[in-house]
Amino acid sequence: MTTEPDSPGDEPLLRDQMAPHPMDQFHGWWEEAQSCGLVESSAMTLATVSEKGAPSARTVLLRQADRGGFVFYSNYESRKGEDLAANPVASLHFYWDRLHRQVRVEGDVTRLTRKESEAYFSSRPWGSQLSAWVSRQSKEVKDRASLDAEWDSLAKRFPEGSAVPLPPFWGGYRFIPREVEFWQGRSFRLHDRLRYERSEGGGAWKIVRLMP
């Protein structure tokens with residue numbers, strides 16, 4: 001990414017202005033991304049590795065970010081779910097082009113409790129709840145018509161306004177960061193990159209500056 005001097009992407013990223021905890025710094029950036037008119041500021045690339053070491057990446061939506069980490073939801077039997085069951089480490093990537101910013105994260109992934117997943121699932125739109133039941137994500141399907149027919153059948157079983165139970169194969173994940181890098185675009189590709197790393201023993205975070 002190349003930016004011109006004095007452009008919005010030429011704001012410096014200074015170590016002494018960073019929050020002590022990476023999740024506090026992330027939350028501030030995320031709030032700015034949500035308020036600057038991006039189509040989907042919560043979109044993030046989730047990269048996983050299979051049991052055989054094959055990498056794969058896809059876009060998922062961030063639903064919560066706090067000191068405990070990043071929370072997203074998915075089908076546990078999808079490719080990402082199978083990867084995380086076999087190898088519960090992953091990386092995240094956020095790209096907010098209007099702000100000339102990126103965030104890269106590496107860490108460990110655990111499942112939320114069923115109670116936590118139920119609380120979120122009950123807040124979803126009725127149609128999205130049905131789709132979670134219908135879609136055996138990443139599995140082969142005969143055609144679109146059969147998928148629609150399954151949705152229609154489920155809509156009769158659980159008409160709009162009725163309680164739709166949480167599927168046993170669907171729920172949330174918490175991504176617990178070990179490293180978090182904040183990237184700010186600067187002029188002539190001399191970008192600012194600051195990375196938070198866990199101190200030995202898992203205590204306080206330290207911040208290091210990386211070459212562009």
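Chemist: Would you mind going over helix α2 (residues 79-86) in detail, with residue names and values included?
Modeler: Within the span of α2, buried status applies to K80, G81, D83 and L84. Around the axis of α2, the buried residues are gathered within 160° of arc, so they sit on the same side. In this fold, the buried residues of α2 make contact with β1 (43-49), β2 (55-61), β4 (69-75), β5 (89-96), β6 (101-111) and β7 (170-184).

Chemist: With reference to specific residues and values, describe the nonpolar core.
Modeler: Ranked by size, the top nonpolar core spans 34 residues in total, and within it F26, F70, F94, W96, V103 and F182 carry the most contacts. Secondary structure elements with two or more residues in this core: α1 (22-35), β1, β4, β5, β6, β7, β8 (192-198) and β9 (205-210). Looking at this core element by element, the count peaks at five residues for α1. With residues near it in sequence (within four places) discarded, F26 still touches L62, A65, F70, F94, W96, V103 and F182. L154, F158, V164 and W170 belong to the second-largest nonpolar core, a separate cluster that totals 15 residues.

Chemist: Before we move on, can you summarise the environment of R198 with the specific residues and values?
Modeler: Topologically, R198 is positioned in strand β8. As a C-alpha pair, R198 and P177 span 21 residues in sequence and 9.0 Å in three-dimensional space. Contacts of R198, omitting those with residues within four sequence positions, involve R178, G203, A204 and W205.

Chemist: Can you break down the pattern of salt bridges residue by residue, with the values?
Modeler: For the structure on display, the rule yields 15 salt bridges. Across the pair R104 and E106 runs a salt bridge whose closest N-O atoms are separated by 3.9 Å. Close ionic contact of R193 with E181 constitutes a salt bridge, the shortest N to O distance being 2.6 Å. With a gap of 12 residues between them, R193 in strand β8 and E181 in strand β7 connect regions that are remote in the sequence. In this pair, the class of R193 matches that of E181, namely buried. Through salt bridges that share partners, R104, E106, E181 and R193 make up one connected network.

Chemist: Residues and numbers for the packing of helix α4 (residues 126-134) against helix α5 (residues 144-157), please.
Modeler: Relative to each other, α4 and α5 sit at 120°, their axes nearing to 10 Å. With respect to α5, the axis of α4 lies oblique. The handedness of the crossing between α4 and α5 comes out as right-handed. Note on element contacts: α5 touches α4 through L147, E150, W151, L154 and A155, opposite W126, G127, L130, S131, W133 and V134. Classifying every residue of the contact of α4 with α5 gives eight nonpolar, two polar and one charged.

Chemist: Tell me what's going on with the layout of surface pockets, and back it up with residues and numbers.
Modeler: Its volume calculated, the largest pocket comes out at about 320 Å³. If you trace the largest pocket, you find 17 residues lining it, with Y73, S74, R124, Q137 and W170 closest to the centre. Looking at the lining of the largest pocket, the elements with two or more residues in it are β2, β4 and α4. Ranked by residues supplied to the lining of the largest pocket, first place goes to β4 with four residues. Among the residues making up the lining of the largest pocket, the classes are represented as seven nonpolar, seven polar and three charged.

Thresholds, definitions, all that
- Residue numbering note: each chain is counted from 1, following its sequence as written.
- For this predicted model, a pLDDT threshold of at least 70 governs which residues receive local features, and a threshold of 80 or more governs which side-chain atom pairs are given and counted, while totals over whole chains, interfaces and linings are taken from all residues.
- Water and hydrogen atoms play no part in the side-chain values, which are based on all heavy atoms of the structure.
- Relative accessibility thresholds used throughout: buried, under 20% of the residue-type maximum; exposed, over 50%; partly exposed, between the two (1.4 Å probe, protein chains only).
- In DSSP terms, a helix is any run of H or I states spanning at least four residues, a strand is any run of E spanning at least two, and both are numbered starting from the N terminus.
- Each direction from the helix axis to a C-beta atom contributes to the arc, which is the arc of those directions.
- By definition in these notes, contact holds between two residues if any of their heavy atoms fall within 4.5 Å.
- In plain words, nonpolar cores are sets of buried Ala, Val, Leu, Ile, Met, Phe, Trp, Tyr and Cys residues tied together by side-chain atoms within 4.5 Å.
- By definition, a salt bridge exists where a carboxyl oxygen of Asp or Glu is found within 4 Å of a side-chain nitrogen of Lys or Arg.
- All axes are obtained by fitting lines to C-alpha atoms, using only the stretch in contact for helices, and the reported angles, taken between N-to-C directions, cover 0 to 180 degrees.
- Our angle categories are set so that under 35 degrees counts as roughly parallel, over 145 as roughly antiparallel, 65 to 115 as roughly perpendicular, and the remainder as oblique.
- Two helices that cross are described as forming a left-handed crossing if the nearer one is turned anticlockwise from the farther one by less than a right angle, and a right-handed crossing if clockwise.
- Lys, Arg, Asp and Glu make up the charged group, whereas Ala, Val, Leu, Ile, Met, Phe, Trp, Tyr, Cys and Pro make up the nonpolar group; the residues left over, Gly among them, are polar.
- For each structure, a 1 Å grid was placed over the protein atoms alone; sets of points admitting a 1.4 Å probe that cannot get out are labelled cavities, open sets with protein on both sides within 12 Å along at least five of seven lines are labelled pockets, and lining residues have an atom within 4 Å of a point.
- Grid points are joined across faces, edges and corners, and a volume is the space filled by probe spheres set on the points.

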